[in-house]
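Results of the structural survey
One-letter residues, chain by chain:
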Amino acid sequence: MVVLSTDDLDESIRLYSETLGMPLKFRDGAHFAALDGGAITLALATAADHPTHGQVVVGIKTADVDAAAKAVEASGGRIVQGPYNDAHERRAVVYDNKGNGLVFYSLLAP
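Residues numbered from 1 in each chain as written. Predicted model: local features only at pLDDT ≥ 70, side-chain atom pairs only at ≥ 80, totals over all residues. Heavy atoms only, no water.

So, the sheet that holds strand β7 (residues 89-95)
What counts is decided by this rule: Strands are labelled as partners when DSSP assigns at least two bridges between them. Per the convention used, a helix needs a DSSP run of H or I reaching at least four residues, while a strand needs a run of E reaching at least two, with both numbered from the N terminus. Helix axes are fitted to C-alpha atoms over the stretch in contact, other axes to C-alpha atoms as well, and angles between N-to-C directions run from 0 to 180 degrees. Here, two residues are considered to be in contact whenever any of their heavy atoms come within 4.5 Å of each other.
With mixed pairing, 8 strands are arranged side by side in an open sheet as β2-β3-β4-β1-β5-β8-β7-β6. A strand with exactly one partner marks an edge of an open sheet, and here the two such strands are β2 (24-28) and β6 (78-85). Strand-to-strand, the axes of this sheet are offset by a mean angle of 20°, without reference to chain direction. One ladder, built from 7 bridges, connects β7 with strand β8 (residues 101-107); its direction is antiparallel. When the sheet's bridge partners are listed, A92 is paired in β8 with F104. Where helix α2 (residues 65-74) meets the sheet, its contacts fall on β6, β7 and β8, and the angle it forms with β7 comes to roughly 5°.

Concerning the pattern of salt bridges
In plain terms, the rule: Salt bridges are identified by distance alone: a Lys or Arg side-chain nitrogen within 4 Å of an Asp or Glu carboxyl oxygen. Relative accessibility thresholds used throughout: buried, under 20% of the residue-type maximum; exposed, over 50%; partly exposed, between the two (1.4 Å probe, protein chains only).
Following the criterion strictly, the structure yields 5 salt bridges and no others. In this structure, D10 engages R27 in a salt bridge whose closest nitrogen and oxygen atoms are separated by 2.7 Å. Here the residue D10 occupies a position in helix α1 (residues 9-19), and R27 occupies one in strand β2, the gap between them amounting to 17 residues. When the shortest N-O distance is used, the salt bridge between D49 and R91 registers 3.3 Å. Taken together, the residues span a long stretch of sequence, with D49 in the loop between β4 (40-45) and β5 (57-61) and R91 in strand β7 at a distance of 42 residues. On the accessibility criterion, R91 (8% relative accessible area) is buried. By sharing partners, the salt bridges in this structure join D49, D86, E89 and R91 into a single network.

Laid out in structure tokens, this is it:
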């Protein structure tokens with residue numbers, strides 16, 4: 001998943017969905033949406049839900065968010081926001097050893 005910043009979710013959804021033809025997969029209120037970008041999911045997020053608003057972030061689905069964050073830290077990266085649960089998933093926001101933003105996530109059981 002690639003996460004892009006937006007300050008107007010509806011406007012961004014229109015661009016990527018109507019103009020570029022990416023079907024909407026999921027929407028969470030006025031702050032997050034996921035679109036089908038073929039082999040990847042394109043996520044749009046406002047500052048309320050973007051891990052590092054203003055930057056492009058790669059989201060990586062993993063079975064063990066905590067272990068992935070610790071592994072990046074042990075390899076010279078930095079944990080920006082430690083593992084935590086939000087409404088839908090467990091997340092950790094990290095910078096890799098070159099300063100690139102990553103979000104590790106795993107879906108929470110319903």
